[in-house]
Structures are given as structure tokens and as C-alpha cells.
Amino acid sequence: MKIVSCVLMSGLGIEIHETAFVTSTFRSLNTELSRDVYARLWSNSRTDELVKKYLNNVCEEEVSAHCLRNRFFLEEVERLKPAVVINFGSGFSMYPFLLDKSIINIEIDKEEIISYKEERVNEFQKNGELPDRIIHFIGVDFSKDYVGTLLEKIKRIKKNKTSFVLIEGVLFFLSRKDTDKLFDFFSMLQRKGDYIGSASFQKDLKKSKGFKKLLDFCNKEMVKTEASDWQTIEDDFYRTNKNYELLNHQDYFSLSEKYNNEVKLEKDLILNENFYILKKIV
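Residues numbered from 1 in each chain as written. Predicted model: local features only at pLDDT ≥ 70, side-chain atom pairs only at ≥ 80, totals over all residues. Heavy atoms only, no water.

Colleague: Help me out: how do you make sense of the overall build of the protein chain in this one?
Modeller: Along the protein chain, the regular secondary structure elements total 13 helices and 7 strands. For a compact globule of 282 residues, the expected C-alpha radius of gyration is about 19 Å, and the protein chain comes in at 18 Å, within 12% of that figure. By its C-alpha atoms, the protein chain is 45 × 45 × 40 Å across when sized along the principal axes. Per-residue burial over the protein chain gives 56% buried out of 282 residues. At a minimum sequence separation of 6, the contacts of the protein chain that also span at least 24 residues come to 78%. When the accessible surface of the protein chain is summed, it comes to about 13,000 Å², and 46% of that surface belongs to carbon and sulfur atoms. Charged side chains in the protein chain number 44 positive and 45 negative. The centres of these two groups are separated by 4 Å. (Helix = DSSP H or I, 4+ residues; strand = E, 2+ residues; numbered from the N terminus. Rg over C-alpha atoms; globule rule 2.2 N^0.38 Å. Buried < 20%, exposed > 50% of the residue type's maximum accessible area, 1.4 Å probe, protein only. Contact = heavy atoms within 4.5 Å. Areas by Shrake-Rupley, 256 points an atom, 1.4 Å probe, with all protein chains shown as cover. Lys, Arg positive; Asp, Glu negative; His and termini not counted. Charge placed at Lys NZ, Arg CZ, Asp CG, Glu CD.)

So, in C-alpha cells, the structure goes:
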């Protein structure tokens, strides 16, 4: 999610769990497209104001972009039928409640986000607003050496079951070194035939008017940032991974065509995100 990192560093008194509402708000604004009928549960007035300002100043098609991303990964998981879905940087996504109840869900994010999400999910379930699901919440401090401990925790839950690792709205904020570390971690965690769903941006994005608007918005409203602060990833990163093969590659425009979403702005004004499905081959 493009806006989260800016808010977290802003020092404007916006709490971390509030920023994670933004993507859910986008998804709630067109549930026919996103298929996320539960995103509305995270709605609040502060986020609504931030979202309105963002859409007016950066890109109004971010609603459709986030809805399409949710729709794509949701339907890929439904099609591939893994026993376990492992969501890295899960935020307030609602995949567990949109998927079959037999699926084991592992939600991973920063400790403060995960603890808040778990508390609220329990409340929603108690009130009958969410169905029961098998969910394991794991909070992680990614600034520390997390690999050994996290690997053990996930393997204890996953065992030898098939899995789908989802990482969306995260790689834009990481270094390439940390990204390589994550994908090596996924390879250690998964067995042959397992899947990864990944979302990222390509280098050309930084030349676009849409990206310049994003930078201006962050610099004026939140925190000073430069183009070099954001990671972009080319197709070759996915195509040449020795442990995985690339099965499917989509972007905002191809998914808009697939799901009959009207693209209203010219291409240069849209923050075009790319989506990849990988299959483990070794």
C-alpha cells in the first residue's frame, strides 16, 4: 500500500494501526470489484478524510487498483486451493473470511498491527460480524534477525501442507537485500509445488506523473521522501529466480480488461502495479 510508509514516519500523531485502514477503505469503496464484503468493518472517519485527500491529490484510480489487486489474489488462491495461506504484511486484509473455511491462515505483520487486528477480529466474531476461521496471528520485529524464530513458528503450523505465500504492498518499501532475504526465506519455508503471490512496481513508474504526484503528496502532507527511497522490481527478478517459476503476470491494465473495470485516467497518471504468481520448482 503506497501511502502507509509515509504516514508511519510523519510524526503527525496518526497511530500505526490507523494507517493500515487505508487499503481496507479503498477495498470497501467498490465491493463488487474487490469482492471484499468485510473491508467496511475497518471504516473510520479519520481514515476517510485521509483517503479523500489522497485520491484528490494523487490518483483517483487507486480505489480500483486496490480492489483489483484483492480480487486477483483472492481468485488465484481459490483456483490453486492451498491448504495454508501465509500473508506477509497482512495489515487489515480480510482474505481469511473470503476464502473457504477449511484453509489455515497465517497472518504476519508488525507486532502492534497484529495485536490490534487479532483483538478486533475476535470482537467482530463475537458480535457475529465475521465468520469463524482458522487464523494464526504472528507479530514480528523485522528490524531484528527474525528468520530462525519465524521459520520455526510457521513450520509448526504449516507442517507439510501445501501453501500460498502472499506479499502485497510491502516490497516498495524494502531494500533489494531485504527482498532477497525474504524470498530466500520463502524458499526455506515452502516445498516443491507451493506458490507465491507478489505485488510490486517497475522502474518506469518513477518517471510517471502519477509517481511525481505521490512524492509531492508525501512531501507536503507527511514526510520528506525521494524517488530513491522506493524500490522497484523488474520482471527478471521473478523470471530468473532459481527456486520458482513464473506462472502468471498481470498489472492494473490487464486486470481492468479482465474484470471490466473502466480505466478513466491516462496511463501516465496511474500508479500501475504488477502482480505475479510463482510456483516452487525445487
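Colleague: Sorry, what's going on with the sheet that holds strand β7 (residues 274-280) here?
Modeller: Hydrogen bonds between backbone atoms are what pair the strands of a sheet, whose relative direction is either parallel or antiparallel. Across the sheet, which stays open at both edges, the 7 strands sit in the order β3-β2-β1-β4-β5-β7-β6 with mixed pairing between neighbours. Each having just a single partner strand, β3 (134-139) and β6 (244-251) make up the two edges of the open sheet. The average angle at which neighbouring strand axes cross in this sheet is 15°, direction not considered. Of the strand pairs in this sheet, strand β1 (residues 84-88) and strand β2 (residues 104-109) are connected by 5 bridges, and their pairing is parallel. Counted as the bridge partner of Asn 87 is Glu 107 from β2. (Pairing = 2+ DSSP bridges. Axes fitted to C-alpha atoms, helices over the stretch in contact; angles between N-to-C directions.)

Geometric descriptors of this kind do not, in isolation, establish any biological role.
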